[in-house]
Amino acid sequence: MGEARKPLISGNWKMNHNHFEAIQMVQKLSYLLSVNDYDAVDVSVHPPFTDLRSVQTVLQADEVPILLGAQHCHWEAGGAFTGEVAPSMLAKLNVSLVIVGHSERRELSGETDEAVNRKVRAVIANDMTPIMCCGETLGEREAGTTDSKVSGQVREGLAGLSAGQVGSLVIAYEPIWAIGTGLMATPEDAQAVCATIRQVVRSDWGGEAADAVRIQYGGSVKPVSAPDLMRQPDIDGALVGGASLDPDEFARIIAYRLVG
Ligand code: 13P
């Protein structure tokens, strides 16, 4: 058995909240969370780029242990990449977690597994932790190809990394049909895919990496569904979209362990 994996609950704000709203959100969230929450769960928020500096300032000034996250970055260190942001720029803002390969970016911006792999490496090279996303479409689920799709994304997204690197990062399983739809994988189905992901890590990177890597579930997670999801042995956290926009709702998800 490896060491216990500390759960990680992350709020992906997507393209929501300007920097004034972001400050209010994170202040409100910090009032709702206690030292007991931070002891039990790592918490991160992932605001849009334009909010990062403001949120960083609030977290630092008030010594709030919420981790600052970004939603994406480029893999290059700098140069002629209009509209992009380099990993080192995020690291300078105390960003510690970067979402890589979210399905919305794969779909809307054509991010390939190869691009995801480059970004994962760049994030690690800048001493931050990637949250590498994977997940199947409804068609793929119905065709019975969920496991092969997700396994391929994990193998290609993490190709070339050492066992130690894989053991320290986060993989988010987000079935695309469950994102923003109100539909959710059952805890049993989510557990089954997360177990497959851990098995892929075990076979390619070994037992220590498999026992250490944290696997989140994402897709319409709500306060009412979080406790059952978090009880699953291979689910170590949640990547929350819509419900993370409301500090009350997000805090109730973080408090999943106090329910029943
Ligand atoms: P929802 O929680 O809104 O379904 O979003 C999930 C997600 O994509 C988080 O990255």
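Report follows, based on the coordinates. (Residues numbered from 1 in each chain as written. Predicted model: local features only at pLDDT ≥ 70, side-chain atom pairs only at ≥ 80, totals over all residues. Heavy atoms only, no water.)

1. Digging into the pairing of strand E4 (residues 95-100)
Worth spelling out the cut-off: The buried label goes to any residue with under 20% of its type's maximum accessible area, the exposed label to any with over 50%, and the partly exposed label to all in between, with areas taken from a 1.4 Å probe on protein chains only. The helix count covers DSSP runs of H or I at least four residues long, the strand count covers runs of E at least two residues long, and both are numbered beginning at the N terminus. By convention a crossover is right-handed if, when the strands point away from the viewer, the path from the first strand over the helix to the second runs clockwise.
Of all six residues in E4, five are buried, a share of seventy percent or more. Chirality of the crossover, the property in question, places the unit of strand E3 (residues 67-70), helix H4 (residues 87-92) and E4 among those that are right-handed.

2. Side note on the pattern of salt bridges
The cut-off we apply is this: For salt bridges, the criterion is a side-chain nitrogen of Lys or Arg within 4 Å of an Asp or Glu carboxyl oxygen.
Taken as a whole and judged by the stated rule, the model has 18 salt bridges. Its salt-bridge partner being Asp42, residue Arg214 comes within 3.0 Å of it at the nearest N-O pair. Within this pair, whereas Arg214 is found in strand E7 (residues 214-218), its partner Asp42 is found in strand E2 (residues 42-46), the two being separated by 172 residues in sequence. Take Arg214: its relative accessible area is 18%, and that puts it in the buried class. Between Arg141 and Glu136 there is a salt bridge; the shortest N-O distance is 2.7 Å. You can call Glu136 buried: its relative accessible area is 0%. What emerges from the salt-bridge pattern is a single network uniting Arg5, Arg198, Asp234 and Asp236.

3. Some remarks on the side chain of Ser44
Rules: The contact criterion used throughout is that any non-hydrogen atoms of two residues lie within 4.5 Å.
Tracing the backbone shows Ser44 in strand E2. The class of Ser44 is buried, set by a relative accessible area of 0%. Ignoring anything within four residues of it in the chain, the contact list for Ser44 reads Leu8, Ile9, Ser10, Gly11, Ile66, Leu67, Leu97 and Phe250.

4. Observations concerning the packing of helix H1 (residues 19-32) against helix H3 (residues 52-61)
Test applied: Every axis in this analysis is a line fitted to C-alpha atoms, fitted for helices over the stretch in contact. Angles between the N-to-C directions lie between 0 and 180 degrees. Angles are sorted into four bins: roughly parallel if under 35 degrees, roughly antiparallel if over 145, roughly perpendicular if 65 to 115, and oblique for all others. Rotating anticlockwise by less than a right angle from the far helix to the near helix defines a left-handed crossing, while the corresponding clockwise rotation defines a right-handed one.
Where H1 contacts H3, the two axes come as close as 9 Å, and the packing angle between them is 30°. Taken together, H1 and H3 sit at an angle that is classed as roughly parallel. The handedness of the crossing between H1 and H3 comes out as right-handed. In contact with His19, Ala22, Ile23, Val26 and Gln27 of H1, H3 contributes Ser54, Val55, Val58 and Leu59.

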